[in-house]
Amino acid sequence: MSLIKVTIDNIEVEVEAGTTILNAARQIGGSVVPPAMCYYSKLEGSGGYCRTCLVKVAQGSAKDPRPMPKLVPSCRTTVQDGMVVQNITSPEVMENRRAITEFLLINHPLDCPVCDQAGECHLQDLSYAHGLDETQTVEERRTFEPIDIGDKIKLNMNRCILCYRCVKVADQITDHRVHGVLGRGDHSEISTHILKAIDNDFSGNMIDVCPVGALTDKTFRFKSRVWFTKPFDAHRECPTCSGKTAIWMKGEEILRVTGRKDKYGEVEEFICNDCRFNHKEIKDWIVEGPRTIERHSVISQNHYQK
Amino acid sequence: MAKQILLNNIEVPGLAGFEVYRRLGGYSAVEKALKNFTPDQVTEEVKKSGLKGRGGAGFPAGMKWGFIDKKNETRYFVCNYDESEPGTFKDRFLGQMNPHLLIEGMILGSYALGARSSYIYIRGELFYVLKILEKAIDEAYLNGFLGENIKGSGYSLDLYVHPGAGAYICGEETALLESLEGKRGNPRIKPPFPAIVGLYGCPTVVNNVETIAALPWIMNNGGEAYAAIGIGNSKGTKLISACGHINKPGVYEIELGLPVEEFIYSDEYCGGIRNGNKLKAVVAGGSSVPILPAHLILKTAKGEPRLMSYESLAEGGFETGTMLGSGGFIVMDDTTCIVKNLLTFSRFYHHESCGQCSPCREGTGWIEKILTRIENGQGTMKDIDLLVNIARHVEGNTICPLGDAAAWPVASAIRHFREEFEEHVKLQRCPLSK
Ligand SMILES: Cc1cc2nc3c(=O)[nH]c(=O)nc-3n(C[C@H](O)[C@H](O)[C@H](O)COP(=O)(O)O)c2cc1C
Ligand code: SF4
Ligand code: SF4
Ligand code: FES
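Since the structure is predicted, the reported quantities are computational estimates derived from the model, not experimental observations.

Looking now at the overall build of chain B. For chain B, the count of helices and strands is 19 helices and 13 strands. Over its C-alpha atoms, taken along the principal directions, chain B stretches across nearly 75 × 45 × 35 Å. Per-residue burial for chain B yields a buried fraction of 62% across its 434 residues. Looking at chain B as shown, the accessible area adds up to about 16000 Å², and 53% of this sits on carbon and sulfur atoms. Here chain B contributes 45 positive and 49 negative side-chain charges, whose respective centroids are spaced 2 Å apart.

On to the domain arrangement of chain A. Residues and elements named next belong to chain A. Under the domain assignment used here, chain A contains domain 1 (3-100) and domain 2 (112-300). Distance between the C-alpha centres of domain 1 and domain 2: 27 Å. On the side of domain 2, 23 residues touch domain 1, which itself brings 20 residues to the contact. The interface formed by domain 1 and domain 2 includes two salt bridges. Close ionic contact of Arg26 with Glu266 constitutes a salt bridge, the shortest N to O distance being 3.1 Å. Here domain 1 is connected to domain 2 by ten residue pairs in polar contact (both at pLDDT 80 or more). When the residues that make up the side of domain 1 that touches domain 2 are grouped by side-chain class, the tally is ten nonpolar, five polar and five charged.

Residues in contact with ligand 2, as listed here, are A:Cys160, A:Ile161, A:Leu162, A:Cys163, A:Tyr164, A:Cys166, A:Ile190, A:Cys210, A:Pro211, A:Val212, A:Ala214 and A:Leu215. Here the residues of the shell around ligand 2 sort into twelve nonpolar, no polar and no charged.

Residue and element names in this part refer to chain B. On domain assignment, one finds that chain B holds domain 1 (18-52 + 59-227), domain 2 (231-333) and domain 3 (338-427). Contacts between domain 1 and domain 2 engage 14 residues on the former and 21 residues on the latter. Between domain 1 and domain 2, roughly 1400 Å² of surface is buried when both sides are summed, and carbon and sulfur atoms account for 58% of that area. For domain 1, the biggest contributors to the area lost against domain 2 are Lys52, Phe89 and Lys90; these three give 35% of the whole. A salt bridge links Glu210 to Lys238; its shortest N-O distance comes to 2.7 Å. Mapped onto the side of domain 1 that touches domain 2, the elements with two or more residues apiece are helix 5 (90-97) and helix 11 (223-227). Element by element, the count of residues in the side of domain 1 that touches domain 2 is highest for helix 5, at three residues. The residue makeup of the side of domain 1 that touches domain 2, split by class, is six nonpolar, four polar and four charged.

This paragraph deals with the interface of chain B and chain A. On the chain A side, the residues contacting the 33 residues of chain B number 33 residues. For the pairing of chain B and chain A, the buried interface totals around 2700 Å² over both sides, and the portion due to carbon and sulfur atoms is 49%. When residues of chain B are sorted by the area they lose upon contact with chain A, B:Arg361, B:Glu362 and B:Trp366 head the list and together hold 23% of the total. Taken together, the connections running from chain B to chain A amount to three salt bridges. The shortest N-O distance in the salt bridge between B:Arg373 and A:Glu139 comes to 2.5 Å. Scanning the region where chain B abuts chain A turns up 19 residue pairs in polar contact (both at pLDDT 80 or more). Contributions of two or more residues to the side of chain B that touches chain A are made by helix 16 (338-352), helix 17 (358-375) and helix 18 (381-394) of chain B.

Turning next to a nonpolar patch on the surface. Taken together, the side chains of B:Phe59, B:Met63 and B:Phe67 make up a nonpolar region of the molecular surface, amounting to roughly 290 Å² of accessible area. Residue classification places B:Phe67 among the partly exposed residues on the basis of a relative accessible area of 45%.

This part takes up the site of ligand 3. Close to ligand 3 lie 13 residues; B:Cys354, B:Gln356, B:Cys357, B:Cys360 and B:Cys400 are nearest. Here the residues of the shell around ligand 3 are counted per class, giving eight nonpolar, five polar and no charged.

In this section: unusual backbone geometry. Here the amide bond leading from B:Lys190 into B:Pro191 is cis, since omega sits at -5°, within 30 degrees of zero. Its location among the elements puts B:Pro191 in the loop between helix 8 (173-180) and strand 4 (204-208). Following B:Pro191, the chain continues to B:Pro192 via a peptide bond in cis, the omega torsion being 5°. Note that B:Pro192 resides in the loop between helix 8 and strand 4. Of note in this structure, A:Leu110 is not a glycine but carries a positive phi near 55°. Relative to the elements of secondary structure, A:Leu110 occurs in the loop between helix 2 (91-106) and helix 3 (122-130). Take A:Leu110: its relative accessible area is 48%, and that puts it in the partly exposed class. Positive phi, close to 45°, is recorded for B:Asn149, a residue that is not glycine.

Time to look at the nonpolar core. Within the largest apolar cluster, 100 residues are counted, with the highest numbers of intra-cluster contacts made by A:Leu123, A:Ile190 and B:Phe421. In this structure A:Leu123 touches A:Met37, A:Leu104, A:Leu105, A:His108, A:Ile161, A:Pro211 and A:Val212, once residues within four positions along its chain are discounted. Within the second largest apolar cluster, 62 residues are counted, among which are B:Ala33, B:Leu126, B:Val205 and B:Val209.

Criteria and thresholds
Residues numbered from 1 in each chain as written. Chains lettered and ligands numbered in written order. Predicted model: local features only at pLDDT ≥ 70, side-chain atom pairs only at ≥ 80, totals over all residues. Heavy atoms only, no water. Helix = DSSP H or I, 4+ residues; strand = E, 2+ residues; numbered from the N terminus. Buried < 20%, exposed > 50% of the residue type's maximum accessible area, 1.4 Å probe, protein only. Areas by Shrake-Rupley, 256 points an atom, 1.4 Å probe, with all protein chains shown as cover. Lys, Arg positive; Asp, Glu negative; His and termini not counted. Charge placed at Lys NZ, Arg CZ, Asp CG, Glu CD. Domains from an automatic or database assignment. Contact = heavy atoms within 4.5 Å. Salt bridge = Lys/Arg side-chain N within 4 Å of Asp/Glu carboxyl O. Polar contact = N/O pair within 3.5 Å; in protein donor to acceptor, adjacent residues only side chain to side chain. Nonpolar A, V, L, I, M, F, W, Y, C, P; charged D, E, K, R; others polar. Near = heavy atom within 4 Å. Buried area = accessible area lost by both parts, 1.4 Å probe. Patch = residues over 30% accessible without salt bridge, like charges linked within 9 Å, V, L, I, M, F, W, Y side chains within 5 Å. Core = buried A, V, L, I, M, F, W, Y, C linked by side-chain atoms within 4.5 Å.

Structural data, given as structure tokens:
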């Protein structure tokens, strides 16, 4: 495979042809990595929706050095040899990212104090990094009633940012998608056609991919703030999935089981519902050791052990 | 009398039937093409004609056909009959009155592109036009212009009409293809473009009704003859659906290059402003294009007469110009409240946003809410700047051009009529409503 050169915020990196700008930036790491609220490397066709990852292409390629006329979603734009990209070095990118953060917040309930995602929420991180100090909206927010979709999953649509990740999980790793987006515009909603219809060995992964607190684990709800629990890598013999999970402990108690998330909040592997929901006893697991969380979350950084 | 290409027989009784259409020379273009032209030669004529897409973006039709990936055996030709842009009602009229012209154009385009199955995707609300088209398609099959081995040429084509469920977004060509495939009508992220990956993953060309209806004339008379009509790079004729405060609203066929002033005031076209009122503003190409005040629609900023052409309407960029767009010509006299008109447009875009990408999904709703407050006398001066900012951050940052279409009317209305917004805020009511 031939390598091609791309420069992001003045840092040069060599990547395989076909790599997206976002993934090239992830190879560099650190602050040049654009925030990605809808892209998920383990889900095909994800990305392109939230627009938080927009960057400026100052030079298209060595062959055709013209800049691209608009900001482009870095998660859906492949690099060309000699491409020059500006992320945090472009005031235009930073201005638009701030605006997009605001767009994502104008209909968001800002109910972090009662949300189970608080502490590991990507929207919290994003607004901390790019939000405005004061709100410009006096408008009423859209509201939906929280509903159960399946007996283990709660949907709080008010918090959803319509990233489509859960839809892609259902499309790609469960054998039968029974939920999707209904309606359109700012009143579209994630929904099942029939209430409580989600019943599938892998449906729980929707919770892990959700960047906000729209989909939460009913077996964990309100038991504890995330930052009072400690994650450990653990595994068990599982006939359905690899059995490699993260268990979240408070004292001797397992409060929650999730996939093992990396620094971008993406699970290394999807896990099955049996591991996630039905094994909350310490004897069910072989504990490997504490899990280091590299994510720089607003709230998590003070609490997670490094 | 101006040149008529699309509407020349429109008043002949029974034109929608095969007999009358054929008697007037219909389907001769198909016979000519299948007998004497290779598919590539048909494309060549269209390139020579300089015909631009009439759906709004004005992309040269022949060039678009040239992008199609011919390595793939299965290719599709699709007609965009979703016509839902406020102010635009030309396609509805044309297809309803002269369905065979569209069918003949579909056969020509399909032949040129090598499509074996072609589709007319029609807006759900136009169910009566769908009925007319289906009847005409049956007649074309009966008379050997559709189906197996058309007129012994060896070329076969099936043509289908497919109704949408009434969503403006399904007029965006990739949302249209999704909908045609039976999926939710969300625009696709491009690239890839439909010419490479289109319907069912195969190379596809999507064209507007009016673009396709121009093909028979081009085939009969040659691309050069078509290119001789019009002005500059605006070749041929254009249907304009004129509405609003004029004496004679309706669908007109104009030769591109007609002065705007003549179009508004002459009796051949709009017949002037109703009740002898003063012209205040015009939205020249469907609700999404920038609104222009009277002095800038009649003359460019340089003082030259503004013409009905792609170039002249765009003269001055968005600062002082606009776009020909789809040809939806909305005329407003001095009784019109610009804020209220903008609110109406913005409500539409909010309602029609598919909701996939955050700037458009959230921005359109926010814009509508702010405008509602201003129109109702609850706005602040800060709101006006906020609107400008929201529009600026939606524009260019979205998956499909609906975001731009929602942003441009806001930006242009405030650019040209800022005092009117300020007056709403100062008086805390709409100065024009009693
Ligand atoms: C939101 C939106 C709505 C559109 N609606 C229509 C439509 O109703 N009819 C149409 O022909 N083109 C429509 N278009 C333009 C199409 O995407 C496409 O450019 C056009 O069908 C191409 O045909 P043409 O090249 O012959 O104009 C729309 C575009 C957008 C972004
Ligand atoms: S529920 Fe969560 S994962 Fe699904 S679309 Fe909404 S934010 Fe994305
Ligand atoms: S710009 Fe609007 S209509 Fe177009 S894809 Fe985005 S949300 Fe949908
Ligand atoms: S992460 Fe790229 S658009 Fe959402």
